[in-house]
Amino acid sequence: MNKRSRAAIALTIGTALAVGPAFTANAASSTITNGGFEADAIGSTSITGWTTVNQAIDLGVTSLGGCTTVDTSDYTNLREYADEAEAVWDRTYANVPDLDSDHYYVHDAFTGDPITILGDRLVWNDWDGYYLLEVAMAPVGEPDFSFSSVPDPGEGEPGPETEPAPETEPAPQPEETTPVDPEPSEPTPSDPTPSEPTPADPAPSEPAPGEPAPSDPAPENEPAPVSPVEALYSYLAEWDWSSDQSNAFDVAESAIPDPTLRGDTPAYAGLDEESYEISIVDGADVGRAGKVLELYSDLGGDYDGYVIHGPAIVSAPFTVAAGRQISLDWKAVDDSDDFHVFGYLLNTSTCAQTEVIDATGEVQDWTTTSVAIPSAGTYRFVFVSGSYDKSWGGAAGAYMYIDNIVQAPVFSSPGIDLSLAAGVGDYLPGSDVQVSGGGLEPESAYDLVLRSTPVTVTEGVTDLDGRFVQVVPLPQNITPGAHTITLTGQGPSGRLTEVAYITVGTDGTLLYLSMDGPQPALAMTGPAENAGLIGLALLLTLTGAAAVELERRRRGPFSTVYVR
């Protein structure tokens, strides 16, 4: 069906459209709101038409735009990974029972398995920052085994250091334990046992019946005996390791984990500092005209070699017709370390993702990326910035920049497309107009001109494939009256032209829009005739506006046509 026959059908049902907007006011636009990021002031952190998420994004876990993310990112292309990577160990998994709370068993961060060096468990001293090995002691043979360095005196007279305490001396004779006369005879020097204990030699208290006798205190300056259970291991600091132990440790520490295993799980980074920010910046500072969206992160982790995504930004929903594509310009730059950026289209009905950006590296200058939209429907755009700790030093952070996001037709044959964001009844000056083309001459010129007094709105050249897409604002000083907006491009067989005919009211409102021709003029011959003509004009205006509105709504806020 051609455009004229569609308009004729619209006229027949024009009066029914009066209630249409009430049912479609909440419908998604067919354009990406603020896709050029010109609606907000430089420095703004509130982005019109977008939702910002300033946090770490765990792809595969975090929900964005109402759907749990799917991690389709490629981690096998991490720059210099093979040269910088090393084992990733968790040194805070569990305390070592035999040592103080600053000592931890070391585990593989991914599997949770303990790390052993030639069969001995690896321990980390978190206070002083060095490794130890938990070395098994020789089996204990006797229950009274101690670590004392004093040799067992064996049978015979006890050695000087093992003499029994006074309470273990031979018990007094029974007759000497009974009361004596008030004036006892003074013992002779050869009497081995005094009749009364002296203050310097107190008598031991007798144990209660059934209780064991108290043990002797440990000799001064000697370690207390250790039970057989406590004596199962000793802990050998790394500077006391043998060469075999040191070599085995070096091999274990340099084991390279599979980068796909790590993904971007924030737990593997052990972040102890993180900062995320999204704002509008001056494009001149980053090699771009106008304003640009910036996503920034600054990170520090306990572990090395991690990938962390965040922050993220999600667009408002937008509807897409069949046979269209998304195009955008982006740039990424390392800061504390490499960037690792990600972006996708999100189908709001199915949560299916269509990947648009997945890149890592040091610097990616401004580039244009396009992707075909899989099918008609309602979508959101999701951008996720991120960084890779390429240097395995614990610090990371990067910048991601986005600009000029548009959806445009997919051209199967040479053609151009002119679309206005404003519709009849909208304010026209300064509103966006989108121009695109495909199948044109490579590196050929195109331009968009507003008339009657010619004003070039934009101009440029196609890429090497003969394509272009651009969103630009109309002039702010459009005067009331009839005008044309003309897009011209160079096809293989000659010039292609598309014209939008518009009428602007005194308040800047768009009164008329057509791709077929200018608004018809009504002759005014006198007062009597004027009354009838004014009524007819009003009826035509209402039904004509309804026809344009139907056409505009069928194609979305951008009124679109393309010429082959």
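Small disclaimer: the values here were computed from a predicted structure and weren't measured.

What counts and how
Residues numbered from 1 in each chain as written. Predicted model: local features only at pLDDT ≥ 70, side-chain atom pairs only at ≥ 80, totals over all residues. Heavy atoms only, no water. Helix = DSSP H or I, 4+ residues; strand = E, 2+ residues; numbered from the N terminus. Areas by Shrake-Rupley, 256 points an atom, 1.4 Å probe, with all protein chains shown as cover. Buried < 20%, exposed > 50% of the residue type's maximum accessible area, 1.4 Å probe, protein only. Contact = heavy atoms within 4.5 Å. Polar contact = N/O pair within 3.5 Å; in protein donor to acceptor, adjacent residues only side chain to side chain. Phe/Tyr/Trp six-rings, centres within 6.5 Å; stacked < 30°, edge-to-face > 60°. Lys NZ or Arg CZ within 6 Å of the ring centre and 35° of its normal. Pairing = 2+ DSSP bridges. Axes fitted to C-alpha atoms, helices over the stretch in contact; angles between N-to-C directions. Patch = residues over 30% accessible without salt bridge, like charges linked within 9 Å, V, L, I, M, F, W, Y side chains within 5 Å. Salt bridge = Lys/Arg side-chain N within 4 Å of Asp/Glu carboxyl O. Lys, Arg positive; Asp, Glu negative; His and termini not counted. Charge placed at Lys NZ, Arg CZ, Asp CG, Glu CD. pLDDT = per-residue confidence, 0-100. Core = buried A, V, L, I, M, F, W, Y, C linked by side-chain atoms within 4.5 Å.

With that out of the way, let us pick up the overall build of the chain. Looking only at helices and strands, the chain features six helices and 29 strands. Carbon together with sulfur atoms contributes 53% to the accessible area of the chain, which is approximately 29,800 Å² in total.

We now examine the environment of D90. On the secondary structure map, D90 appears in strand β4 (residues 89-95). Its relative accessible area of 19% is what places D90 among the buried residues. Along the primary structure D90 and D108 are separated by 18 residues, whereas in three dimensions their C-alpha atoms are 5.9 Å apart. Setting aside residues no more than four positions away along its own chain, D90 makes contact with Y105, V106, H107, A109 and Y303. Separated by 3.0 Å, the side chain of D90 and the backbone nitrogen of T92 make a polar contact.

Applying the stated criterion across every chain, the model contains 15 aromatic pairs. An aromatic cluster is present here, built from W89, W124, Y131, W241 and F249 joined pairwise through their rings. Stacked on the ring of W124, the Lys or Arg R91 has its end atom at 4.0 Å from the ring centre. The ring of Y105 has R121 lying over it, and the distance from NZ or CZ to the ring centre is 3.7 Å.

Take the side chain of D337 next. Examined against the element boundaries, D337 turns out to sit in the loop between β14 (324-334) and β15 (338-347). With near-sequence residues (within four places) excluded, D337 lies in contact with S387, Y388, D389, K390, S391, A395, A396, G397 and A398.

Strand order in the open sheet formed by five strands is β24-β23-β26-β27-β28, with antiparallel pairing between adjacent strands. Among the strands making up the open sheet, the edge pair consists of β24 (455-461) and β28 (510-514). Each strand of the sheet is rotated relative to its neighbour by a mean of 15 degrees, with strand direction disregarded. One ladder, built from four bridges, connects strand β27 (residues 494-504) with β28; its direction is antiparallel. Bridge assignment links V504 to a residue of β28, and that residue is L510.

Turning our eyes to something else, we now look at the side chain of Q325. You can see Q325 is positioned in strand β14. By relative accessible area, Q325 is classed as buried at 17%. Excluding residues within four positions of it along the chain, Q325 makes contact with S370, V371, A372, I373, V406, Q407, A408, P409 and V410.

To continue, consider the environment of G65. Assignment of secondary structure puts G65 in the loop between β2 (63-64) and β3 (67-68). Aside from chain neighbours lying at most four places away, what touches G65 is V314, L346 and R380.

This paragraph deals with a negative patch on the surface. Taken together, the side chains of D126, D272, E273 and D302 define an acidic patch exposed on the protein surface. By the secondary structure assignment, D126 is in the loop between β7 (120-125) and β8 (130-136).

Bringing the pattern of salt bridges into the picture now. Enumeration over the complete set of coordinates arrives at nine salt bridges. With a shortest N-O distance of 3.8 Å, R79 and E362 are connected by a salt bridge. Highlighted residues: R79 in the loop between β3 and α3 (81-84) and E362 in the loop between β16 (353-361) and β17 (363-372), separated in sequence by 283 residues. A residue is classified by how much of its surface remains accessible, and R79, at 25% relative accessible area, is partly exposed. In this structure, the salt-bridge partner of D465 is R467, at a minimum N-O distance of 3.4 Å. Take D465: its relative accessible area is 53%, and that puts it in the exposed class. On the basis of relative accessible area, R467 is assigned to the partly exposed category, the value being 39%. Salt bridges linked by common partners bring R79, E80, D338, E362 and K390 together as one network.

When the pLDDT values of the chain are averaged, the result is 78; 70% of them are 70 or greater. The model gives residues 1-27 a pLDDT under 50, and that stretch makes 22 contacts with residues more than four places away or in other chains. Confidence drops under pLDDT 50 across residues 211-229; counting only partners more than four residues distant or on other chains, this segment forms 14 contacts.

With respect to the secondary-structure elements, V471 resides in strand β25 (residues 468-473). Owing to a relative accessible area of 25%, V471 belongs among the partly exposed residues under this scheme. In this structure, the C-alpha to C-alpha distance between V471 and V433, residues 38 residues apart in sequence, is 5.7 Å.

We now examine the pairing of strand β21 (residues 415-420). Counted residue by residue, β21 has six buried out of six residues, so it is predominantly covered. Of the two faces of β21, the one lined by G415, D417 and S419 and the one lined by I416, L418 and L420 are each fully buried. Bridge count for β21 against strand β22 (residues 432-438) is six bridges, and the pairing is antiparallel. Across the sheet, residue I416 finds its bridge partner in β22, namely G437.

In a soluble, globular protein the nonpolar side chains are often hidden away together inside. Formed by 30 residues in total, the largest nonpolar core has its most connected members in I326, F381, F383 and I405. Listed by contribution, the elements that provide at least two residues to this core are β10 (271-282), β11 (291-301), β13 (318-320), β14, β15, β16, β18 (377-388) and β20 (398-409). Sequence-distant contacts of I326, defined by excluding residues within four places in its chain, comprise I32, F318, L345, T369, S370, V371, I373, F381, I405, V406 and Q407. Grouped together as the second largest cluster of nonpolar side chains are 25 residues, L420, V472, I485 and A500 included.

So, on to the pairing of β20. Among the 12 residues in β20, 11 count as buried, and that is most of the element. Across four bridges, the pairing between β11 and β20 is antiparallel. Within the sheet, the bridge partner assigned to Y296 lies in β20 and is Y399. Across 10 bridges, β14 lies against β20 in antiparallel orientation. If you follow D334 over to β20, its bridge partner there is A398.

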